[in-house]
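Topology and contacts: notes
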Amino acid sequence: MHSDSILKSLNKAQCRAVTSNAPTVAILAGPGSGKTHTLTSRVVWLVQQAGYQPADIIVATFTVKAAREMKERIRKRLGEENERKIVLGTFHSIARRYLATYGKRIGLDSKFAIADDGDSRAIIQRIIKRLDLKIEPSHAKAWISKKKSKGTTSTPKNGKQKDHPSLDICYREYQEHLARANLLDYDDLLVRCVELLEEHPSCVSNVQAVLIDEYQDTNGIQYDLMKLFAQARQRITIVGDPDQSIYGWRSAEIKNLYRLLRDYPETDEISLEENYRSSQLILDMSLKVIQQDTKRYEKVLLPVHTKGTKPVLRKLRSSPVEGEWIVSELRRVTSMFGGSLKNEDVAVLLRSASLSRHIESALGKAGISYRMIGGHKFYERKEIKILLDYLRVVYQPDNNDAVARIINVPRRGIGEATIKSLLEEAEKSKLSLWALLWRHCRGGRQATTKIRPIMEQKLNTELLKIISALRKKAEQISEMGSFSLVDLIEQLVNQLNFQKYLEAEYEEEHEQRWANVQELFNLAGDFARDFGNPEEEELPEIDEVEQAKEDDILGRFLANVALASDAQSDDKQQDKTCQITISTIHAAKGLEWPVVFVPSVYGGSIPHSRADDMDEERRLLYVAMTRAKALLYLSCPMYGPQGLSNKVDLSPFVSSFAAAFDQKGPSFDRPVVESIGRILGRVVPSEKAIFDKLPPLFCPEDDKFPIEPFDPKEADPLDPDAETQSARPPKKQKTRYGPSASGERQWKPEYATTMEQSDGFTMSSMPAFVTAGALAASKVKATSSFNAEKIDSKRGPKTDPTNRRPDQRSLLGYITTESKAPATAMSRRIQPADYSLARYEAAASRAARLAAPQPNNVCNERKPAIDPEFARHKIRGSKPISRSPIGRPATSELPGREYACFSSSPPRQESPEPPKDEPSATVAAPPKACTSFHSTTFTAMKPVGGVRRPVGLGPPPSMDRLRKPFKPLTINRPQSQPRKP
DNA sequence: TCGGATCCATTTTTT
DNA sequence: ATGGATCCGA
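Residues numbered from 1 in each chain as written. Chains lettered and ligands numbered in written order. Predicted model: local features only at pLDDT ≥ 70, side-chain atom pairs only at ≥ 80, totals over all residues. Heavy atoms only, no water.

**What to know about the sheet that holds strand β6 (residues 209-212)**
Put simply, the rule is: Note on pairing: two strands pair once DSSP finds at least 2 bridges between them. Runs of E in the DSSP output that reach at least two residues are strands. Runs of H or I that reach at least four are helices, and both are numbered from the N terminus. Interaxial angles span 0 to 180 degrees and are taken between N-to-C directions of axes, which are lines fitted to C-alpha atoms, for helices over the stretch in contact. For this analysis, residues touch if any pair of their heavy atoms sits within 4.5 Å.
The strand order across the open sheet built from 6 strands is β3-β2-β6-β7-β1-β8, with neighbouring strands paired in parallel fashion. Of all strands in the sheet, those with a lone pairing partner are β3 (87-90) and β8 (268-272), marking the two edges. Each adjacent strand pair in this sheet contributes to an overall mean axis angle of 15°, direction not counted. The pairing of strand β1 (residues 24-29) with strand β7 (residues 236-240) spans 5 bridges and is classified as parallel. Residue pairing for β7: Ile27 is matched across the bridge by Val239. Against the sheet, helix α4 (residues 64-85) makes contact with β2 (57-61) and β3, and its axis sits at roughly 170° relative to β3, the strand it touches most.

**A word on the packing of aromatic side chains**
Worth spelling out the cut-off: Any pair of Phe, Tyr and Trp rings, taking the six-membered ring for Trp, is counted once the centres come within 6.5 Å. Such a pair is stacked with planes under 30 degrees apart, edge-to-face with planes over 60 apart, and tilted for the rest. Working definition: with a 1.4 Å probe on protein chains only, accessible area under 20% of the residue-type maximum means buried, over 50% means exposed, and in between means partly exposed.
Applying the stated criterion across every chain, the model contains 15 aromatic pairs. Between the aromatic rings of Tyr98 and Phe229, the centroid separation amounts to 5.8 Å while the plane-to-plane angle is 40°, which identifies the pairing as tilted. Taken together, the residues Tyr98 in helix α5 (residues 91-102) and Phe229 in helix α10 (residues 220-229) connect sequence positions 131 residues apart. Here the two residues Tyr98 and Phe229 agree in accessibility, since each one is buried.

**Some points on the layout of surface pockets**
To find the voids left in a structure, one rolls a probe of water-molecule size over its atoms. We apply this condition: Cavities and pockets are defined on a 1 Å grid built over the protein atoms alone: a cavity is a set of grid points where a 1.4 Å probe fits but cannot escape, while a pocket is an open set with protein on both sides within 12 Å along at least five of seven lines, and lining residues are those with an atom within 4 Å of any such point. Grid points are joined across faces, edges and corners, and a volume is the space filled by probe spheres set on the points. Classification used: nonpolar for Ala, Val, Leu, Ile, Met, Phe, Trp, Tyr, Cys and Pro, charged for Asp, Glu, Lys and Arg, polar for all others including Gly.
In this model, the second largest pocket occupies a volume close to 1400 Å³. In this structure, the second largest pocket is lined by 40 residues; those nearest its centre are Arg126, Asp401, Ala404, Ile419 and Leu423. Those elements that provide at least two residues to the lining of the second largest pocket are α6 (117-131), α8 (165-180), α15 (382-395), α16 (400-406), α17 (416-428) and α21 (498-505). Top element by residues in the lining of the second largest pocket is α17. It accounts for 9 residues. Taken together, the residues of the lining of the second largest pocket break down into 16 nonpolar, 6 polar and 18 charged.

**Section: the pattern of salt bridges**
Put simply, the test is: The term salt bridge refers to a side-chain nitrogen of Lys or Arg lying within 4 Å of a carboxyl oxygen of Asp or Glu.
Inspection of every chain in the model, using the stated rule, returns 45 salt bridges. Salt-bridge contacts for Glu383 lead to Arg513; the nearest nitrogen and oxygen are separated by 2.7 Å. Highlighted residues: Glu383 in helix α15 and Arg513 in helix α22 (residues 510-531), separated in sequence by 130 residues. Taking relative accessible area as the criterion, Arg513 reaches 16% and is therefore assigned buried. Through salt bridges with shared partners, a single ionic network connects Lys35, Glu214, Asp217 and Lys589.

**Points about the protein's contact with DNA strand B**
To keep things clear, this is the line we draw: Residues are labelled near a given molecule or strand when at least one of their non-hydrogen atoms is within 4 Å of it. Distance and chemistry together define a polar contact, namely a pair of N or O atoms within 3.5 Å, with one atom able to donate a hydrogen and the other to accept it when in protein, and with adjacent residues in sequence counting only for side-chain atoms on both sides.
The environment of DNA strand B is made up of 28 residues, and the closest members are Arg250, Arg351, Ala353, Thr418 and Thr584. Looking at DNA strand B alone, sugar and phosphate atoms form 58% of those within 4 Å of the protein. Trp249 places a polar side-chain atom, nitrogen or oxygen, 3.2 Å from a base oxygen of DNA strand B. Contact between DNA strand B and His608: a sugar or linking oxygen at 3.3 Å from a side-chain N or O atom of the residue. For the surface near DNA strand B, the elements supplying multiple residues, two or more each, are α17 and α24 (585-588). With 3 residues, the top contributor of residues to the surface near DNA strand B is α17. When grouped by side-chain class, the residues that make up the surface near DNA strand B number 10 nonpolar, 12 polar and 6 charged.

**Remarks on the UniProt feature "domain: RGS" (unreviewed entry) in chain A**
Quick reminder of the rule: UniProt positions are given in the numbering used here, feature names are shortened, and annotations may be inferred rather than shown by experiment.
UniProt feature "domain: RGS" (unreviewed entry): in the numbering of this structure it lies at residues 484-559. Regarding residues 484-559, the helix share stands at 63% and the strand share at 0%, and the terminal C-alpha atoms are separated by 17 Å.

**Comments concerning the nonpolar core**
Short version of the rule: Among buried residues, those of type Ala, Val, Leu, Ile, Met, Phe, Trp, Tyr and Cys that are joined through side-chain atoms within 4.5 Å constitute a nonpolar core.
Formed by 71 residues in total, the largest nonpolar core has its most connected members in Phe337, Leu631, Tyr633, Leu634, Val654 and Phe668. If we ignore the near neighbours within four places in the chain, the residues touching Phe668 are Glu329, Arg332, Val333, Met336, Phe337, Leu631, Tyr633 and Val673. In this structure, Tyr390, Ala426, Leu488 and Tyr506 belong to the second largest nonpolar core, which totals 58 residues.

**Focus: unusual backbone geometry**
Within the chain, Asn182 stands out as a residue other than glycine whose phi angle is a positive 55°. The topology assignment puts Asn182 in the loop between α8 and β5 (183-185). Asn182 gets classed as buried once you look at its relative accessible area, which sits at 18%. Phi at Lys430 is positive, roughly 55°, even though this residue is not glycine. Assignment of secondary structure puts Lys430 in the loop between α17 and α18 (433-441). Judged by relative accessible area, which is 77%, Lys430 ranks as exposed.

**Structural notes on the confidence of the model for chain A**
Selection criterion: The quantity known as pLDDT measures the predictor's confidence residue by residue, on a range of 0 to 100.
When pLDDT is averaged along chain A, the result is 73, and 68% of the positions lie at 70 or above. Element-level pLDDT for chain A is lowest in helix α37 (residues 934-939), with a mean of 27, against a maximum mean of 98 in β6. Taken as a whole, residues 568-573 scores under 50 in pLDDT and shows 10 contacts with residues more than four places along the chain or in a different chain. Low pLDDT, under 50, characterises residues 715-981; the predicted model gives this stretch 418 contacts beyond four residues in sequence or across chains.

**Quick look at the sheet that holds strand β14 (residues 580-584)**
Spatially, 6 strands are ordered β11-β16-β15-β12-β14-β13 in an open sheet, and the strand pairing comes out parallel. With one partner strand each, in any of the chains shown, β11 (312-316) and β13 (370-373) form the two edges of the open sheet. Averaged over all adjacent pairs, the angle separating strand axes in this sheet is 20°, with direction ignored. Pairing of strand β15 (residues 593-598) with strand β16 (residues 628-637), which is carried by 5 bridges, proceeds in the parallel orientation. Residue pairing across strands places Val595 opposite Leu631, the latter belonging to β16.

Here it is as structure tokens:
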């Protein structure tokens, strides 16, 4: 293949990234910039143009899905033969392969298995209970994992944070337990692999190139691993985007970017700036979100597409209503696009998998099928876990945890206490649980301290018999190398009478559960077919380096289960075409859809209530929003899924510019439909064809739900008495809660306002504002004393949620305790109801409201809506610092450097869309749009892309380069840093 | 004393 | 829908 065919699908920057001859290449790539494409192209280039052997290339990804995607793409371009030879997978799976092949050298038993999350948790929990350590299991687990993930990170932990002494004990015990059971947990896979490669570099002596996807998500140990993989030739290519770093909780360290530059001073840095995915308005809005992070490195996102429609921020009354609205909007979209947008083009992205409930039920009611990515995993299902535990015992009889879990699973009359006692006895006599049982039942030695009645013994023989028979069979399989993994599982299921067990255990549900078992057969069959040949995953042979052959299909299957916890939803599933996708945001990374819904955008959900890194939560929202190609909908209910007892506030990540969104879904008139068709590169049917297909009574606009929803807890807003709470039933606790209620009905929280005022947002999109003045004033007067109290007790001085203008100091700085009330009044806004809707809504919901259970604890207890952190965030809206076309710091600091070849801007595709109603989006972005500085690149000819260092982080000059890794002027950067080996 | 059943609060993100 | 704690029948 000629190089042209590799390069023709690439823009200039991508081209440079693909063909760079530098030993290390760092690609900073925003969302939708063709990251994966570039990485795969580089692999193709290395093989076809640089003459690398496929077997000498390692490609590490972060998630299973990304690995699959890469594999697929490489296969298409290099052929299956080559693709198979490339060592490609997640860090964990690659590490496992090395350990399986070479682990003996570091004293690892070749039959090690992987302890999954549940195993780890159970083990730690038991240790803590047994030793009566005064620590929380989840905390201990996280602590241990963090410790392992750190690698040789040079961060000198600020030691003042003293860790609980029990943690160390727990850690030690945990590791001992794992070792005894011959288990490695996820982190151990990496830790041990680092150990292996440090001591035996020959194992990777063949490696010519290492490529890392989603680099921003690597943690310390993965960084070490990457370096070790590459130790022979030091050729590394990484792709990443700090803005999409969402795995900090797994110890991902963005600073690995700087470490790379420090450790490999000759690194070629390239930015991919074109966004080929989203409409311009979607990008603008996403940037508004991410730019609230003042510490981030700004980078350019050049929209390739036209403006599109404004993203929507929809308010709904409650979570169930939010689900209904999504259904109705989904129907509206698919209908109004006359089949050119299908359900499969739509995704609902959630912060937590548990938020899917109300969405799922709404979709279920509407008869719309969906698939869920993330959340409950197939292998986590009870019935599957049982079978897998059996298989694990077959593979590894000494895995006490698995034995303990299955010992009584088709009920055998063995209770908790007995199991515990057995475990203790086993430990005392230095036997595994399995060996103890075996000896007790077969070996005649009735060593059991706790004697079991007759019945149990018989049943135990059953267990033992089944398992030992299966073990024999498993051995045969590995000898014959046949496809009988499925046979093995079938035999297990039959002998356990598993179907009958399911029927007995899960009356109504057993059919579904049995179907899951069938699915397990399918998955095992697929695995045997795809990976049945052990050579499939084999590492390349290296001269004079001895390998262990990994020929046990059962072991590999179990490892695959542990590492690919995400069930392959691809095939098998029924018509994918009519399914919408529900996914966690984390699981959606790297994917894209024409239409994206992000529901539940409220504080507590999107900055998750348990999250401690607000910046990461914000990036999460950014990732979610940038998945959308053409239509983006955020929505927020007034009450969380728990019902009327927890009122929620709009997420602070969008509250300061909520008015910049549309309040309801766009009208799909002809120009809109066509422009979206163009963004998606799809042909939309003619107007007539669309309208002919619309069902009767179809509502073409998004107005089935009120724009300003009513608080179902409110009294009838038309009743003047209600406003003063006198018409309220006593249960509403008017004395405590009453006066605030009038304020609470406003959906837009009071703190959102100073920003909007000062920021020059037009008020037209917030009609409520303008007309609310008098009403607000009078109401505030009546309630001000209450509010003072509320601030006092609920917020405290440090939690002022006001989004201030950058030049404004905290309001509370001026205000003494006595004078808080006026302050509240200043920032308070009341959204008057849309009365016509009010009338309708009030009537419609009256019955429901009365029937609804009254919360006994009205929601005064809600936590501060905004973390104090945010109060200090500067919002950049009014100060377009990023807009100066020339003379930006980058230019002034390093004058005279060459820009031209850094610029990644490709010859811009001429947009097929005529300017129409709007002036060309690229040239004349509205002054408010934060991204509009891109426009300057267009007019100034020389794109001045790149990174802006936040002010106030003045680093010493020598460190400078490390702190702003992707400045555009890095091609001939001085090599002041000595290379570290 | 053990095992089973019932009731209760709960549910971040992933390898 | 899952795990933990409590209670009751052998």
